[in-house]
Amino acid sequence: MTTMTSSAAPAGNLSVRVQKRFATRGAAGFSLAADFEAPPGITILFGPSGAGKTTLLECIAGLLRPDAGRITAGERPLFDAKQKIDVPVPRRRVGYVFQTLALFPHLSVAQNVTYGLSRLDAGPRRERVGAILESFHIAHLAGRKPEEISGGERQRVALARALVTDPCVLLLDEPLAALDPLTKSRLIGDLRVWNLAHGIPVLYVTHSREEVFALGERVIALEQGKILAQGTPRQVLQAPRQELLAQLAGFENILDAVVTAAHEDSGTMTCRLAGSAVDLEVPLSSVASGSPVRMAVRAGDILLATEPPRALSARNILPGTLLSLAQKDFAVIASVDCGVRLEAQLTPGALRQLGLHVGQPVWLIVKTYSCHLLEPSTD
Amino acid sequence: MNWQAIALSARLALLVCALLLVLAMPIAYWIARSPWRWKFLVESVVALPLVLPPTVLGFYVLVALGLRSPLGRLYQSWSGHGLAFTFEGLVVASVLYSLPFAVQPMAAGFGQVDPRLLDASSILGASRLRTFFRVILPLSLPGVITAAVLSFAHTLGEFGVVLMVGGNIPGVTRTISIAIYDDVQAFSYASANRTALALLLFSFLVL
């Protein structure tokens, strides 16, 4: 079978334009409408559960049939509603690692990996399976059953099983969700190495912000079946312009305010936080004076001082009272009442050194460019 | 011991069991996988022999196989003799009667296979047939074995349908359970006891 062995053929972009509506009794139902281009390399599909990420992957793999649209891998059309093209699943040459991995429980690791190579002669088949087991560091597990190996090892087997068939597109549905950080980063490394050599579009579904930053060259943010934003992780998550994204991306402080003055000379504007007498200086935007805005500030971007700070470049210094301290993972979240309630993040060391106690006066320092203005999510 | 009847019963049960595995497998697969709304109708028809009195089933089969029915005439023109009161007729009736015992365990087994495994197989390039033999069948082997054992044992022991369709012709349609019935009718309890004990032992072994 020549198509299986010619691995060097450049894969080209994965181009997806699909619409799919799910009729549910009573309610309006869920509808997916996505239009994007994924070049070779890792593209992350990011969004909360129920956003339609898996549905999108299933459409690309052919497990679900879109109502309309077109899907092409390089020059090869996989689906085209207008031209009535719908390549059957076994002939799409798509690699897919399911969230549940779906390893065949009755087959050994080697048999699982060999499964997609039935059209190959025994010689080259054994060679290829051997090579991929080696490169994913699972050669020593070849004879074991999936239930006899660890979660991280199973993940590797699932990846190897998908990649050994030389797919033109790789779809990964939260493949690392259940792994510890170390195993995760090693696997990501192996995947990167493999993809440097093969260069196919990889769609990687996740709802973890850490994975977005660790992996992605490109991010597509999905919410309720629609694409909210796409670009580099920095563009999409660092300065989220939409409220839903801000919540997704872990902005602890989301504040309502009214624009009171625009300073075009300094590139900033002043906003009065709703229900308070607190003014914040934020980056200038095209919002008119007097109109309501919503902004997002990460707790990690707010500094906390126990004395009134002087001679600082930060424009926003807000006096307040410390309401509570809470441990969150390795950080401490300080909740402060400055007229509005704000959260600032500290290290445990800083907490000890400052000798903070609830009820004491504190000052919060917020840089202008740490205030991200949000667009109301359009619905 | 009535060896002729035992041999006949064993031959019948083996044949029916083999035929049922082939016949019931696609039906069970369809029942387990089809998304069709009215599927339960087919399931009911398949399950009918479970609740139908054997004589009623036997009566209809007899009518269907008789020379007045199209099926009976077709078989007559093909083989030169009718189906009723023949070994072949007995096979047809037994297949129908034991169908649910083969279909239901298999359908349950097939239905328990994680659909994601079937997706994975398909994505890895396997046809439906290959998916069936490489994934579904090995993973539902206990169901298939149960189906084989149940249909074999059930065919071995049936009485009403056999009597209706096959009659009681030694070496042709006199099965082991009919032989026991005959023995009892003739007051030869010792003979009936030996045969019955053999059946009891066999059933116990099956379980």
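As the structure is a prediction and not an experimental result, all values here were calculated from the model.

How each quantity is defined
Residues numbered from 1 in each chain as written. Chains lettered and ligands numbered in written order. Predicted model: local features only at pLDDT ≥ 70, side-chain atom pairs only at ≥ 80, totals over all residues. Heavy atoms only, no water. Helix = DSSP H or I, 4+ residues; strand = E, 2+ residues; numbered from the N terminus. Expected span 1.5 Å × (residues − 1). Bend = angle between axes of the 7 residues up to and from the residue. Buried < 20%, exposed > 50% of the residue type's maximum accessible area, 1.4 Å probe, protein only. Axes fitted to C-alpha atoms, helices over the stretch in contact; angles between N-to-C directions. Parallel < 35°, antiparallel > 145°, perpendicular 65-115°, else oblique. Left-handed = near helix turned anticlockwise from the far one by under 90°. Contact = heavy atoms within 4.5 Å. Nonpolar A, V, L, I, M, F, W, Y, C, P; charged D, E, K, R; others polar. Domains from an automatic or database assignment. Pairing = 2+ DSSP bridges. Phe/Tyr/Trp six-rings, centres within 6.5 Å; stacked < 30°, edge-to-face > 60°.

## Points about helix H5 (residues 87-111) of chain B
Residue and element names in this part refer to chain B. Counted at 1.5 Å a residue, the expected span for H5 with its 25 residues is 36 Å, and the 35 Å between its end C-alpha atoms agrees. Remark: the principal bend of H5, roughly 50°, maps to Ser-98, with a proline, Pro-100, within the next four residues. With 18 of its 25 residues buried, H5 lies for the most part within the structure.

## With respect to the packing of helix H6 (residues 115-123) of chain B against helix H7 (residues 128-139) of chain B
All names here are of chain B. Here H6 crosses H7 at 155°, and the two axes come no closer than 10 Å. On the basis of the axis angle, H6 is roughly antiparallel to H7. Here H6 and H7 pass one another in a crossing that is right-handed. On H7, the residues touching Leu-117, Leu-118, Ser-121 and Ser-122 of H6 are Thr-131, Val-135, Ile-136 and Leu-139. Among the residues forming the contact of H6 with H7, the class breakdown is five nonpolar, three polar and no charged.

## Topic: the domain arrangement of chain A
Taken as a whole, chain A is organised into domain 1 (14-236) and domain 2 (251-374). Taking only C-alpha atoms into account, the centre of domain 1 of chain A sits 41 Å from that of domain 2 of chain A.

## Digging into the sheet that holds strand E12 (residues 253-263) of chain A
Residues and elements named next belong to chain A. As summarised here, the arrangement of the five strands in space is E14-E13-E12-E15-E21, forming an open sheet in which the pairing is antiparallel. Each edge of the open sheet carries a strand with a single partner, namely strand E14 (279-283) and strand E21 (372-374). With direction set aside, neighbouring strand axes in the sheet form an average angle of 50°.

## Side note on the environment of Ala-61 of chain A
Tracing the sequence through the fold places Ala-61 of chain A in helix H2 (residues 53-61). It is 9.9 Å that separates the C-alpha atoms of Ala-61 of chain A and Phe-79 of chain A, two residues lying 18 residues apart in sequence. Discounting chain neighbours no more than four positions away, the residues touching Ala-61 of chain A are Val-89, Arg-92, Val-94, Tyr-96 and Leu-171 of chain A together with Ile-123 of chain B.

## What to know about the packing of aromatic side chains
All names here are of chain B. Across all of its chains, the model carries nine aromatic pairs over all chains by this definition. Centroid distance Phe-110 to Phe-132: 5.4 Å. Interplanar angle 80°. Geometry classified as edge-to-face. One end of the pair, Phe-110, is in helix H5; the other, Phe-132, is in helix H7, and 22 residues separate them in sequence. Each member of the pair, Phe-110 as well as Phe-132, carries the same accessibility label: buried. Within the aromatic cluster, the residues linked to one another by ring pairs are Tyr-29, Phe-110, Phe-132 and Phe-133.

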